[in-house]
Amino acid sequence: MSFLEIQIKTNFALVTIKRPEALNALNDVVITEIGAMVDELESNSQVRGFILTGEGKAFVAGADIAKMKEFNVKEGQAFSELGQTVFRKMELSGLISIAAINGFCLGGGMELAMACDIRYASTVAKLGLPEVTLGLLPGFGGSQRLPRLIGVGRATELILSGDMISSEEGFRLGLVNKVCDPAELLNESEKTLSTILSRGPNAIKAAKTAIRQGLETNMDRGLGWEKQLFGGRFADQETKEGLSAFLEKRKPNF
Ligand code: CO8
């Protein structure tokens, strides 16, 4: 891959976006490579999650502005659809993802981070959806994900003002899960991902599905899905092992 470096580390991958000369801006090649990375990791039976970060002073500073300058309506829609499709695939994947936000995380970059399961940010990171400063609006799912993540009032203010915020402010809003010292960002992300991946592998996937599906429906239907997924656990050897290990006062062997 030309813009992504994938390092496999035991049961997860560290994925670095490498286009530092343009602050890792997303063009169609970078986005397509992110989609291919998800496919590749899903087909690797050893790998169950990934950490996504950026090289240099940006996580991702947005969609590629130079590329968008020449768009007509059809091309704008096609680019939006490409990003939406790839980010949705990532979001619905059984892989657990943590965005390790090392620096600028703007526009399409913040939309990418929002499609990850968890966001850790360095103290030096800056986040925001500055699309309206360019006469645009978020086009890779940001107008839909941000209100779901932090509530409609706060999301509306961030999207309509186009303001950049610090990682501390992102934490206060519930956009960022944890603020880390820059030198500790990857360690902290790895520690959390390792903890998650030490739990029942199928239970994690089922819990992620329950959360994702529940967010997109009403309470009663969400409870129905939860019940189905919960019941399904009792057909899985993993659950028998987890319950037996507790009762036998030993660590489960997942
Ligand atoms: N696209 C293309 N190139 C970029 C981008 C970008 N988003 N961001 C930075 N660059 C380039 C700069 O042009 C510059 O290139 P060069 O060295 O050739 O002049 C290089 O990266 C370094 O950038 P700066 O010199 O500007 O670095 P600074 O440290 O001075 O500033 C900032 C850093 C504040 C991050 C600044 O670069 C900036 O404001 N960048 C743009 C941020 C932005 O507006 N992002 C949102 C883009 S719109 C978007 O993401 C829409 C998503 C939905 C698309 C839907 C499809 C239709």
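Use the structure listed above.
On a predicted model such as this, the values are computed, not experimentally measured, just so you know.

Engineer: What is the right way to read the packing of aromatic side chains from this model?
Structural biologist: The description of an aromatic ring pair rests on the distance of the ring centres and on the angle between the ring planes. Under the criterion given, the structure shown has four aromatic pairs. Both rings, one in phenylalanine 71 and one in phenylalanine 79, keep their centres 5.4 Å apart while their planes meet at 70 degrees; by these two values the pair is edge-to-face. Since its relative accessible area comes to 25%, phenylalanine 71 is described here as partly exposed. Given a relative accessible area of 6%, phenylalanine 79 falls into the buried group. Measuring from centroid to centroid gives 5.3 Å for phenylalanine 79 and phenylalanine 140, while their planes differ by 75 degrees, and the two rings are edge-to-face. Here the residue phenylalanine 79 occupies a position in helix α3 (residues 73-92), and phenylalanine 140 occupies one in the loop between β8 (126-128) and α5 (142-150), the gap between them amounting to 61 residues. Pair check on accessibility: phenylalanine 79 and phenylalanine 140 agree, each one buried. Each residue in the set Phe71, Phe79, Phe87 and Phe140 is aromatic and connected to the rest through ring pairs, giving one cluster. If you follow arginine 19 out to its NZ or CZ, it ends over the ring of phenylalanine 3, 5.7 Å from the centre. We note lysine 67 situated over the ring of phenylalanine 79; from NZ or CZ to the ring centre the distance is 5.6 Å.

Engineer: What is the right way to look at the sheet that holds strand β10 (residues 178-180) in this model?
Structural biologist: The strand order across the open sheet formed by six strands is β1-β2-β3-β5-β7-β10, and the pairing between neighbours is mixed. Because the sheet does not close on itself, it has two edges, and the strands there are β1 (4-9) and β10. Neighbour to neighbour, the strand axes of the sheet diverge by 20 degrees on average, direction disregarded. Where strand β7 (residues 118-122) and β10 come together, three bridges link them in parallel fashion.

Engineer: How should I be thinking about the side chain of arginine 145 in this particular structure?
Structural biologist: Considering the arrangement of structural elements, one finds arginine 145 in helix α5. Relative accessible area serves as the criterion here: at 12%, arginine 145 is assigned to the buried category. At a separation of 3.5 Å, a polar atom in the side chain of arginine 145 contacts the main-chain carbonyl oxygen of phenylalanine 140. Not counting residues up to four positions away in its chain, the partners in contact with arginine 145 are Phe87, Arg88, Glu91, Met114, Ala115 and Phe140.

Engineer: Just to check I follow, could you spell out the site of the ligand for this structure?
Structural biologist: The immediate surroundings of the ligand are formed by 25 residues, with Lys57, Ala61, Ala63, Ile65 and Gly108 found nearest. One of the side-chain nitrogen or oxygen atoms of lysine 57 is found 2.6 Å away from an oxygen atom of the ligand. Glycine 108 places a polar main-chain atom, nitrogen or oxygen, 2.8 Å from an oxygen atom of the ligand. Against a free-state accessible area of 1,100 Å², the protein chains account for coverage of 64% of the ligand. Secondary structure elements with two or more residues in the shell around the ligand: α2 (65-68), α3, β6 (104-106) and α4 (108-114). For the shell around the ligand, a count of residues per class yields 14 nonpolar, six polar and five charged.

Cut-offs applied
- Residues numbered from 1 in each chain as written.
- Predicted model: local features only at pLDDT ≥ 70, side-chain atom pairs only at ≥ 80, totals over all residues.
- Heavy atoms only, no water.
- Phe/Tyr/Trp six-rings, centres within 6.5 Å; stacked < 30°, edge-to-face > 60°.
- Buried < 20%, exposed > 50% of the residue type's maximum accessible area, 1.4 Å probe, protein only.
- Helix = DSSP H or I, 4+ residues; strand = E, 2+ residues; numbered from the N terminus.
- Lys NZ or Arg CZ within 6 Å of the ring centre and 35° of its normal.
- Pairing = 2+ DSSP bridges.
- Axes fitted to C-alpha atoms, helices over the stretch in contact; angles between N-to-C directions.
- Polar contact = N/O pair within 3.5 Å; in protein donor to acceptor, adjacent residues only side chain to side chain.
- Contact = heavy atoms within 4.5 Å.
- Near = heavy atom within 4 Å.
- Areas by Shrake-Rupley, 256 points an atom, 1.4 Å probe, with all protein chains shown as cover.
- Nonpolar A, V, L, I, M, F, W, Y, C, P; charged D, E, K, R; others polar.

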